[in-house]
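Coordinate inspection notes
Spelled out from the first residue to the last, the chains are:
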Amino acid sequence: SSGINAEYGGCKVVGVDVVANNIASAKKFQAEESSRLNVHFHEANFFNLPAQIKYEMFTHVWAQVSFFHNHAHLRKCVDVAASMLKSGGTFILVDYYGPRHPVFTRDTTKKAPDMEEYIQTVKDAGFDIIIQEDASRHFLAGTTCLRKIAGEEKNQVEMNFYDGRISSIKEKLIGMVIIIAQKK
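One structure accompanies this document, and this report is about it. Just so it is clear, the structure is predicted and the values come from calculations on it, not from any experiment. Chains are numbered independently. Their residues run from 1 in the order of the written sequence. In view of the model being predicted, local features appear only for residues whose pLDDT reaches at least 70, and side-chain atom pairs are presented and counted only at 80 or more, with totals across whole chains, interfaces and linings using the full set of residues. Remark: hydrogens and water are excluded; side-chain values derive from all non-hydrogen atoms of the structure.

Some points on the overall build of the protein
Numbering of helices and strands runs from the N terminus, with a helix taken as a DSSP run of H or I at least four residues long and a strand as a DSSP run of E at least two residues long. When helices and strands are counted, the protein shows seven helices and six strands. Along the chain direction, N to C, the helices and strands of the protein fall in the order α-β-α-β-α-β-α-β-α-β-α-α-β. Only protein chains enter the accessibility calculation, which uses a 1.4 Å probe; a residue whose area is less than 20% of its type maximum is buried, one above 50% is exposed, and one in between is partly exposed. The buried share among the 184 residues of the protein stands at 38%. Contact definition: two residues touch when any of their heavy atoms are within 4.5 Å. Once local pairs closer than 6 in sequence are excluded, the contacts in the protein between residues at least 24 apart make up 77%.

As for the sheet that holds strand β6 (residues 175-183)
Note on pairing: DSSP must find at least two bridges between two strands before they are called paired. What the four strands build is an open sheet, ordered β3-β4-β6-β5; its pairing is mixed. Strand pairing shows two members of the sheet lacking a second neighbour, β3 (58-64) and β5 (127-134), which therefore form its edges. Going from strand to strand, the sheet's axes swing by 10° on average, the running direction of each strand aside. Across eight bridges, the pairing between strand β4 (residues 85-97) and β6 is antiparallel. Every axis corresponds to a line fitted to the C-alpha atoms, with the helix fit spanning only the stretch in contact, and the corresponding angles, defined between N-to-C directions, vary from 0 to 180 degrees.

Observations regarding the pattern of salt bridges
Salt bridge, as used here: a side-chain nitrogen of Lys or Arg that lies within 4 Å of a carboxyl oxygen of Asp or Glu. Summed over the entire model, instances satisfying the criterion amount to six salt bridges. Between Lys28 and Glu32 there is a salt bridge, and its shortest N-O distance comes to 3.2 Å. Of this pair, Lys28 and Glu32 both sit in helix α2 (residues 20-33), four residues apart, roughly one helical turn. As far as burial versus exposure is concerned, Lys28 and Glu32 are alike and both exposed. For Arg137, the salt bridge goes to Glu133, with nearest N and O atoms at 3.6 Å. For Arg137, a relative accessible area of 58% corresponds to the exposed category.

Some remarks on the side chain of Ser136
Along the chain, the position of Ser136 falls in helix α6 (residues 136-152). Polar side-chain contacts of Ser136 include one of 3.3 Å to the side chain of Tyr97. When residues no more than four places from it in sequence are discounted, the contact partners of Ser136 are Tyr97, Ile169, Gly175 and Met176. Counting of polar contacts relies on pairs of N or O atoms within 3.5 Å, with two restrictions inside protein: one atom must be capable of donating a hydrogen and the other of accepting it, and residues adjacent in sequence are counted only when both atoms are side-chain atoms.

With respect to helix α5 (residues 115-124)
The set of residues buried in α5 consists of Met115, Tyr118, Ile119, Thr121 and Val122. Down the axis of α5, the buried set is contained in an arc of 165°. They therefore lie on one face. Among the structural elements, α4 (74-83), β4, β5 and β6 are those in contact with the buried residues of α5. Measuring from the side-chain oxygen of the N-cap residue of α5 to the backbone nitrogen of Glu116 gives 3.2 Å; that N-cap residue is Asp114. Following α5 by one or two positions, Gly126 adopts a phi angle in the positive range, close to 100°. As used here, the arc belongs to the directions running from the helix axis to the C-beta atoms.

So, the packing of aromatic side chains
Put simply, two rings from Phe, Tyr or Trp (the six-membered ring, in Trp's case) pair if the centres are within 6.5 Å, and we call them stacked under 30 degrees between planes, edge-to-face over 60, tilted for the rest. Overall, the coordinates contain six aromatic pairs when judged by the stated rule. Note on Phe68 and Tyr96: the rings are 5.7 Å apart at their centroids and 80° apart in plane angle, and the pair reads as edge-to-face. In this pair, Phe68 sits in the loop between β3 and α4 while Tyr96 sits in strand β4, placing the two residues 28 residues apart along the sequence. The residues Phe68 and Tyr96 share a single accessibility class, namely buried. With 5.2 Å between their ring centres and 70° between their planes, Phe161 and Tyr162 make a pair best called edge-to-face. Of the residues examined, Tyr162 reaches a relative accessible area of 13% and is grouped as buried. Joined through ring pairs, the aromatic side chains of Phe46, Phe67, Phe91 and Phe127 make up one cluster. For a lysine, the NZ atom is tested; for an arginine, the CZ atom; a charge sits over a ring if that atom is within 6 Å of the ring centre and within 35 degrees of the ring normal. Against the face of Phe47 rests Lys76, its NZ or CZ located 4.5 Å from the ring centre.

Remember, this is a structural readout, not a statement about activity or role.
Shown next, in the form of structure tokens:
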């Protein structure tokens, strides 16, 4: 999606991820697709952003399945997003929620947020909610598709992983929330 925004929208896009392999893959894809796109990737923790972007103001911040892994610090995550948005800017949050399956977290100091906690935290951080949706059915459909592919490839490790995830979604141990909000 970074490339689409940069190519068709003429946007400057900045991607941040804590996983070095994700950044390497993104940079490789960018190099193969087009070097003319205004897309920049940084390996960083959301709480310790590089100086070249830390104080930059953006029109959009998109957090995709990242805050859940720091669920004990959800408000701090949303506050960082808010601090980087211009007034009237758009915040898009797509993330896991629920009492959760243990495979999805590294932080056990607080129970994982439910959908209502995400919504309230975003509101409390100074946003007006435009859209809020329980996207668990989409999460289940996508995971079921990935499980099918793993089965066709006879990849037992991935099959087991997706079977566990499908079970967790069906048992409502984990779900997916989508929030689109505007900074006041």
